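# Summary of structural features
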Amino acid sequence: MKKCLCSIAAAVVFCLAVPGFAAEKVAPVRMGSGIMTFDTVPGWGYDEQGRSVLGPTHGGVVVDKAGNIYTSARIGVVVFSPDGKVVRRFLGPEYSNIHDMEIREEADGEFIYGARNANAEGIKFNALTGEMILKLPFPKESGLDLKKFAPTAITVAPNGDIILSDGYASNYIFKFDKTGKYLSHFGKKGNGMKEFNTAHGMTLDTRYDPPRLLICDRNHQPKGRLLHYDLDGKFIEEVITGLGMPTSVSIQGDYVSVPDLHGRLVILDKSNTIVAVLGNNEDPKTRVNFNVPQDKWREGIFSGTHGSYWDKEGNLYVQDWNVSGRLMKLVRVK
């Protein structure tokens, strides 16, 4: 770990990616360690004036089978090519404020599943056309009398069942079948071993057979943690603790990327040991901070790390919770 932190400190170049400064004048920053070493791509995804095209971001990232990158923002979902050019947008009230996304290839195409906390629903839409396929409001069939429903995470089981976490409200996790029919729920708000203190992020942990749910318990005290549950909602184990404020999880092979709102991203191996730390922010004024404008961004330093996703080549795309809309590409060093 000391080697990792030293390499980050040595590599950081305090150049600003702002209008008037060409992207080529900002040096890439190398971060990480061992086989999980990455270089930043300065100016990736910016417009011709050197500005972010996203506006405020508080969402996630996914990559389709063609390699296109989807990220969610207040304005909707913006799709980039691997070289950072916008290829399409899904805008309007149905696509805005998607807090978390998952992408899934199905028999009739690729589909994006989203959790919309501000709009109290889960959604499913066609990744190519944007056609809205399914909406998942609060399931009254559950018998729960909730005052608020604010989903923060969504994932899909191998059989198509949809799992939706009410992370900003009750902390119950709801299970639906692929048609949207309510099946069950589990969990509750609290700070115990089998309780959630903000079940903020979630994905299907395909490192195990059968796969499990990997859940971010973001505000657990004294430190944020990851948990394993089976697909029927039974507690398996506490995976790792001491993570700060883990916001989401993304898996490729044996590795898991875990954005931490404190301005860093940690990578775990199959033994759930931290093998790399990326973008570590040592400035308490700019970490866990939404209001860091683009002219204050520092290359290779994160501020409110919220979403991440791997492409097929092992590169990472990382989104900050940010007023100006920050999405970064990290290229894996071969």
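Quick summary incoming for the structure in this document. All of these numbers come straight from a predicted model, not from anything done at the bench. (Residues numbered from 1 in each chain as written. Predicted model: local features only at pLDDT ≥ 70, side-chain atom pairs only at ≥ 80, totals over all residues. Heavy atoms only, no water.)

### Comments concerning the overall build of the protein chain
The following threshold applies: What counts as a helix is a DSSP run of H or I of at least four residues, what counts as a strand is a run of E of at least two, and both are numbered from the N terminus. The globule rule is 2.2 Å times the number of residues to the power 0.38, and the radius of gyration it is compared with is taken over C-alpha atoms. Accessibility here uses a 1.4 Å probe with only protein chains present; expressed as a share of the type maximum, an area under 20% marks a residue as buried, one over 50% as exposed, and anything in between as partly exposed. Residue contacts are defined here by distance: any two heavy atoms, one from each residue, within 4.5 Å place the two residues in contact. Only the protein chains shown count as cover for residues, and all accessible areas are computed by the Shrake-Rupley method using a 1.4 Å probe. Within this scheme the basic residues Lys and Arg register as positive and the acidic residues Asp and Glu register as negative, but His and the chain ends are omitted. The location of each charge is read from NZ of Lys, CZ of Arg, CG of Asp or CD of Glu.
When helices and strands are tallied, the protein chain shows one helix and 25 strands. In terms of C-alpha radius of gyration, the protein chain reaches 19 Å, essentially the compact-globule figure of 20 Å for 334 residues. For the protein chain, buried positions account for 58% of its 334 residues. Sequence-distant contacts in the protein chain: of pairs separated by 6 or more residues, those separated by 24 or more amount to 48%. When the accessible surface of the protein chain is split by element, carbon and sulfur atoms take 52% of a total near 13800 Å². Counting 40 positive and 38 negative side-chain charges, the protein chain places the averaged centre of each group 4 Å from the other.

### Topic: the sheet that holds strand β15 (residues 199-205)
Rules: A pair of strands counts as paired when DSSP detects no fewer than two bridges linking them. With axes taken as lines fitted to C-alpha atoms, and helix axes fitted only over the stretch in contact, angles between N-to-C directions fall between 0 and 180 degrees.
The sheet built from four strands is open, its strands ordered β15-β16-β17-β18 with antiparallel pairing. Every interior strand has two partners, whereas the edge strands, β15 and β18 (235-241), have only one. Averaged over all pairs of adjacent strands, the angle between their axes in this sheet comes to 25 degrees, without regard to strand direction. With five bridges joining them, strand β17 (residues 225-229) and β18 adopt antiparallel strand pairing. Following the sheet pairing, Arg-225 is matched in β18 by Thr-241.

### Brief notes about the side chain of Ser-72
This is how the line gets drawn: Throughout this description, a polar contact denotes any pair of N or O atoms lying within 3.5 Å of each other; where both atoms belong to protein, one of them has to be capable of donating a hydrogen while the other can accept it, and for residues adjacent in sequence the pair is counted only when both atoms sit in side chains.
Tracing the chain through its elements places Ser-72 in strand β4 (residues 69-73). Given a relative accessible area of 0%, Ser-72 falls into the buried group. Within the local environment of Ser-72, its side chain forms a polar contact with the backbone oxygen of Ile-98, the two atoms lying 2.8 Å apart. In this structure, Ser-72 is in contact with Thr-57, Gly-59, Gly-60, Val-77, Ile-98, Met-101 and Gln-319, ignoring residues within four places of it in sequence.

### A short note on unusual backbone geometry
Of note, the bond from Asp-209 into Pro-210 is cis; its omega dihedral lies within 30 degrees of zero at 0 degrees. In this fold, Pro-210 is placed in the loop between β15 and β16 (212-217). Omega for the bond connecting Gln-221 with Pro-222 falls within 30 degrees of zero, at 10 degrees, which places this linkage in the cis form. Assignment of secondary structure puts Pro-222 in the loop between β16 and β17. A positive phi angle is found at Asn-171, which is not glycine, with a value near 70 degrees.

### Thoughts on the side chain of Thr-247
Along the chain, Thr-247 turns up in the loop between β18 and β19 (250-252). For Thr-247, the side chain forms a polar contact with the main-chain oxygen of Thr-305, separated by 3.2 Å. Those residues within four positions of Thr-247 in sequence are excluded, and the remaining contacts are His-200, Gly-201, Cys-216, Arg-218, Pro-259, Asp-260, Leu-261, Thr-305 and His-306.

### Side note on the layout of surface pockets
Rules: Detection works on a 1 Å grid of protein atoms alone, calling trapped sets that fit a 1.4 Å probe cavities and calling open sets with protein on both sides within 12 Å along at least five of seven lines pockets, with lining residues defined by an atom within 4 Å of a point. Grid points are joined across faces, edges and corners, and a volume is the space filled by probe spheres set on the points.
Size it by volume and the largest pocket reaches roughly 740 Å³. Considering the residues around the largest pocket, the lining is formed by 39 residues, among which Glu-102, Ile-103, Thr-203, Ile-251 and Tyr-309 are closest to the centre. At the level of elements, β3 (61-63), β7 (100-106), β11 (153-156), β15, β19 and β23 (305-310) are the ones that each hand at least two residues to the lining of the largest pocket. Among the elements that line the lining of the largest pocket, the one with the most residues is β7, at six residues.

### Considering the pattern of salt bridges
As a reminder, the rule being used: The working definition used for a salt bridge is a side-chain nitrogen of Lys or Arg within 4 Å of a carboxyl oxygen of Asp or Glu.
Throughout the structure, instances matching the rule amount to 18 salt bridges. A salt bridge links Arg-207 to Asp-205; its shortest N-O distance comes to 2.9 Å. Taken as a pair, Arg-207 and Asp-205 share a single burial class, namely buried.

### Overview of the pairing of strand β22 (residues 274-278)
With four bridges joining them, strand β21 (residues 264-268) and β22 adopt antiparallel strand pairing. By the bridge assignment for β22, Leu-268 is matched with Ile-274. The antiparallel pairing of β21 with β22 creates a hairpin that spans five residues between the two strands, and Asn-272 there sits at a positive phi of about 60 degrees.

### Observations concerning the pairing of strand β1 (residues 30-33)
Taken together, the four bridges between β1 and strand β2 (residues 36-40) define a ladder with antiparallel strand orientation. Paired with Ser-33 across the strands is Met-36, a residue of β2.

### Here we look at empty space enclosed by the protein
What counts is decided by this rule: Classification used: nonpolar for Ala, Val, Leu, Ile, Met, Phe, Trp, Tyr, Cys and Pro, charged for Asp, Glu, Lys and Arg, polar for all others including Gly.
This model, assessed by the stated rule, comprises two cavities of 30 Å³ or more. If you add up the space inside the largest cavity, you get close to 110 Å³. In this structure, the largest cavity is lined by 16 residues; those nearest its centre are Val-41, Tyr-46, Glu-299, Leu-327 and Met-328. It is strand β25 (residues 326-332) that provides the largest number of residues to the lining of the largest cavity, a total of five residues. Residue composition of the lining of the largest cavity, grouped by class: ten nonpolar, three polar and three charged. The calculated volume of the second largest cavity comes to roughly 50 Å³. Residue lining of the second largest cavity: Trp-44, Gly-45, Tyr-46, Ser-52, Val-53, Leu-54, Phe-80, Gly-325, Arg-326 and Leu-327, and that is the complete set.

In short, geometric facts, not functional conclusions.
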